[in-house]
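Breakdown of the fold
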Amino acid sequence: MTAPLRLGTRRSQLALTQSQHVADAIAAASGRAVELVHITTEGDRSAAAITQLGGTGVFVSALRDALRAGTVDLAVHSYKDLPTAEEPDLVIAAVPPREDPRDALVARDRLTLGELPAGATVGTGAPRRVAQLRALGLGLEVVPIRGNVDTRMGKVTSGELDAVVLARAGLARLGRLDAVTEVLDPLQVLPAPAQGALAVECRSDDDVTRSLLAALDDAGARACVVAERTVLATLEAGCSAPVAAHAEVGEAEDGGDEVYLRASVTAIDGSDAVRGSTSGPAADAARLGRELAAELLDRGAAALMAASR
Ligand SMILES: NCc1[nH]cc(CCC(=O)O)c1CC(=O)O
């Protein structure tokens, strides 16, 4: 009998749900059993703000350590939490089909953003969301929060906050879409690069696991993630920068796959933003990301990011 594949996962409910989803997909595609191995990361242990811990990379490094030590064969990450730097000994062997990447509002009394009164408190810790919410000019008071999805939503139920903004994808995976009062239009609040996508990672030299995972890969989702994350990497911005990017794939006139990419950089006080878009063949996703980032830099993105630090 072949030993089960060991899948390293964080213990949060979201991480466990995502990991079980990938485990089931591997089992369905290959017949290979998969067992979940729980790993505690620094980001789970500390109550400090993520930006103070050195970014969401703190969720990732313990999983990567376990991969390198050989105590697990694969790890499932929320793709948007991965630093853009490549790890030569590790590979993202699969990007499974992506969830809807948009942000979602969970507000009291089922209110939408436009219905929240001036001065209403909206919880979010992500500079990208803070900046874009302020840029709407609605007079909302953005309140920094962190914690898992349940903790954040609990602040609305308890009346501590009027609303929170979360990734719709996390709520979808947890079966909590019922709490969403508005899915935010990307023209107003553009999602984080790779939001809603998973990254399934293994060791580069582990050919057996790589080929099992290849069956889970979604070429369209991968092209979108490459385009969006190349924007982030080219801007030399991390997850704590007010950078947003969103790509979609569709059919081009010649019948091939086309990527349509939008990106923005917003001043943290919401006073200014640069936005742009481009499109081209999915095979050129990285080039599209580089070119759009270069355009944003030409139009002043660096100053906006510097003012946000
Ligand atoms: N930074 C935390 C994080 N990482 C991934 C998700 C949601 C799921 C996803 O985007 O894939 C969340 C929570 C949130 O932003 O609301």
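See the structure above.
What counts, and at which threshold
- Residues numbered from 1 in each chain as written.
- Predicted model: local features only at pLDDT ≥ 70, side-chain atom pairs only at ≥ 80, totals over all residues.
- Pairing = 2+ DSSP bridges.
- Helix = DSSP H or I, 4+ residues; strand = E, 2+ residues; numbered from the N terminus.
- Axes fitted to C-alpha atoms, helices over the stretch in contact; angles between N-to-C directions.
- Near = placed C-beta within 6 Å.
- Nonpolar A, V, L, I, M, F, W, Y, C, P; charged D, E, K, R; others polar.
- Domains from an automatic or database assignment.
- Contact = placed C-beta atoms within 7 Å.
- Core = buried A, V, L, I, M, F, W, Y, C linked by C-beta atoms within 7 Å.
- Buried ≥ 20, exposed ≤ 12 C-beta atoms within 10 Å, placed from the backbone.

Here 5 strands make up an open sheet; going across it, the order is S2-S1-S3-S10-S4 and the pairing mixed. Pairing within the sheet leaves two strands with one partner each, and these edge strands are strand S2 (34-38) and strand S4 (90-94). Each strand axis lies, on average, 35° off the axis of its neighbour in the sheet, ignoring direction. Here strand S3 (residues 74-78) runs beside strand S10 (residues 198-203); their pairing, made up of 5 bridges, is antiparallel.

What follows is about the site of the ligand. Neighbouring the ligand are 10 residues, the closest being Ser78, Leu166, Ala167, Gly170 and Gln195. If you list the elements that add at least two residues to the shell around the ligand, you get strand S8 (163-167) and helix H7 (168-173). Of the residues assigned to the shell around the ligand, the class counts are 3 nonpolar, 5 polar and 2 charged. Inspection of the shell around the ligand shows a minimum of three residues originating in each of domain 1 (5-96 + 197-217) and domain 2 (103-183).

As for its position among the elements, Gly238 is in the loop between helix H9 (219-234) and strand S11 (243-251). For Gly238 and Leu82, which are 156 residues apart along the polypeptide, the C-alpha to C-alpha distance reads 9.5 Å.

Here we have 5 strands laid out as an open sheet, ordered S7-S6-S8-S5-S9, and mixed in their pairing. Looking along the sheet, the strands with just one partner apiece sit at the ends: strand S7 (141-143) and strand S9 (182-183). Here 5 bridges tie strand S5 (residues 103-107) to S8, and the two strands are oriented antiparallel to one another. For Ala104, the partnering residue across the bridge sits in S8 and is Leu166. Where helix H5 (residues 127-135) meets the sheet, its contacts fall on S5, strand S6 (121-123), S7 and S8, and the angle it forms with S7 comes to roughly 170°. Sheet strands in contact with helix H6 (residues 149-157) are S5, S6 and S8, and its direction is about 155° off that of S8.

Ranked by internal contacts, the top residues of the largest apolar core, which has 86 residues, are Val200 and Leu235. In terms of residue count, the dominant contributor to this core is H9 (8 residues). Filtering out sequence-adjacent residues up to four positions away, Val200 remains in contact with Val22, Leu74, Val76, Ile92, Ala93, Ala94, Pro96, Leu213 and Leu216.

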